[in-house]
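Structural features, examined
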Amino acid sequence: MIKFSINIHRGCFGGCAFCTISAHQGKFIVSRSKESILREVKEVTQLPDFKGYLSDLGGPSANMYQMKGKDESICKKCKRPSCIHPKVCPNLNSDHRPLLDIYHAVDALPGIKKSFIGSGVRYDLLLHRSKDEAINRSTAEYTRELIVKHVSGRLKVAPEHTSERVLSVMRKPPFEQFETFKRIFDRINKEENLRQQLIPYFISSHPGC
Ligand code: SF4
């Protein structure tokens, strides 16, 4: 699956306590330019065994492309391990429009039949209500587009646990957010006459458990 997948950014600001990504890639997202991504996609379309299906357009977390602090001088002094736990930071710009723009540009290229999102999606970012209504619209649009056009039958998400205490030690959102996202996922599937599945990942025997 790696051969036909495209990495569009590095880093993760999720700060999950069990994960090393922020240690080796950093908390701050470094995003590739649109030109660089499209250039690589075009190269992949020329591979002899490519059939038109990209297995992933992603990164450590699928939906953090181009996200960063609105005021980066605050971020430079920030000591929080996570920009989204226990609550989404008011300084975080969680606009999904740059990512949608990448999806649209990739899907418009000749030779691309489908681009799937194989990387894990942070549904807590999709459920977050910003004070900016344009950002809320981008999140709703992203959620629908992800589910309708970019799922290869199964969408991976990582609630990781069900216990509030363990989730808090893990720096993961409350389990009810997974249930809320599942309701949205099922509703959109029904509206679109799709029969896709949500695949939740769990960690057993975490030290906090
Ligand atoms: S100020 Fe907010 S957005 Fe910036 S690094 Fe800290 S938690 Fe993240």
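Relevant structure appears above.
I will try to describe carefully the structure that is included in this document.

Criteria and cut-off values
- Residues numbered from 1 in each chain as written.
- Predicted model: local features only at pLDDT ≥ 70, side-chain atom pairs only at ≥ 80, totals over all residues.
- Helix = DSSP H or I, 4+ residues; strand = E, 2+ residues; numbered from the N terminus.
- Rg over C-alpha atoms; globule rule 2.2 N^0.38 Å.
- Buried ≥ 20, exposed ≤ 12 C-beta atoms within 10 Å, placed from the backbone.
- Contact = placed C-beta atoms within 7 Å.
- Expected span 1.5 Å × (residues − 1).
- Arc of directions from axis to C-beta.
- Near = placed C-beta within 6 Å.
- Nonpolar A, V, L, I, M, F, W, Y, C, P; charged D, E, K, R; others polar.
- Axes fitted to C-alpha atoms, helices over the stretch in contact; angles between N-to-C directions.
- Left-handed = near helix turned anticlockwise from the far one by under 90°.
- Pairing = 2+ DSSP bridges.

Quick word on the overall build of the protein
- The helix and strand inventory of the protein stands at 8 helices and 10 strands.
- Here the protein has a C-alpha radius of gyration of 17 Å; the compact-globule value for 209 residues is 17 Å, and the two agree.
- Viewed in the frame of its principal axes, the protein has a C-alpha envelope of about 50 × 40 × 35 Å.
- Counting only residues that meet the buried cut, the protein has 31% of its 209 residues in that class.
- Look at the contacts in the protein between residues 6 or more apart in sequence, and 77% of them connect residues 24 or more apart.

A closer look at helix H6 (residues 133–149)
- Over its 17 residues, H6 extends 24 Å from the first C-alpha to the last, a length consistent with the 24 Å expected when each residue adds 1.5 Å.
- Of the residues making up H6, those classed as buried are Thr139, Tyr142, Thr143, Leu146 and Ile147. In an axial view of H6, the angular spread of the buried residues amounts to 115°, which keeps them on one side of the axis. Pointing more than 90 degrees away from the buried face of H6 are the exposed residues Glu133 and Ala134.
- Buried-residue contacts for H6 involve helix H4 (97–107), helix H5 (123–127) and helix H8 (175–191).

A look at unusual backbone geometry
- Residue Pro86 is bonded to the preceding His85 through a cis peptide linkage, with omega at 5°.
- With respect to the helices and strands, Pro86 occurs in the loop between helix H3 (72–77) and strand E7 (92–93).
- Backbone geometry places Arg171, a non-glycine residue, at a positive phi of 60°.
- According to the C-beta neighbour criterion, Arg171 is partly exposed, with 19 such atoms within 10 Å.

Structural notes on the site of the ligand
- Surveying the vicinity of the ligand reveals the residues Phe13, Gly69, Ile74, Cys75, Cys78, Arg80, Cys83, Cys89, Asn91 and Leu92.
- Taken together, the residues that form the shell around the ligand break down as 7 nonpolar, 2 polar and 1 charged.

Here we look at the packing of helix H2 (residues 34–45) against H4
- Where H2 contacts H4, the two axes come as close as 10 Å, and the packing angle between them is 35°. As H2 packs across H4, the resulting crossing turns out to be right-handed. Here H2 contributes Lys34, Ile37, Leu38 and Val41 to the contact with H4, which in turn contributes Ile102, Ala105 and Val106.
- Partitioned by chemical class, the residues of the contact of H2 with H4 number 6 nonpolar, no polar and 1 charged.

Regarding the pairing of strand E9 (residues 154–160)
- Taken across its 7 residues, E9 has 5 buried, putting it largely inside the fold.
- Pairing geometry for E9 and strand E10 (residues 197–202), over 5 bridges, is parallel. Bridge assignment links Leu155 to a residue of E10, and that residue is Leu198.

Worth remembering: the numbers are spatial, not functional.
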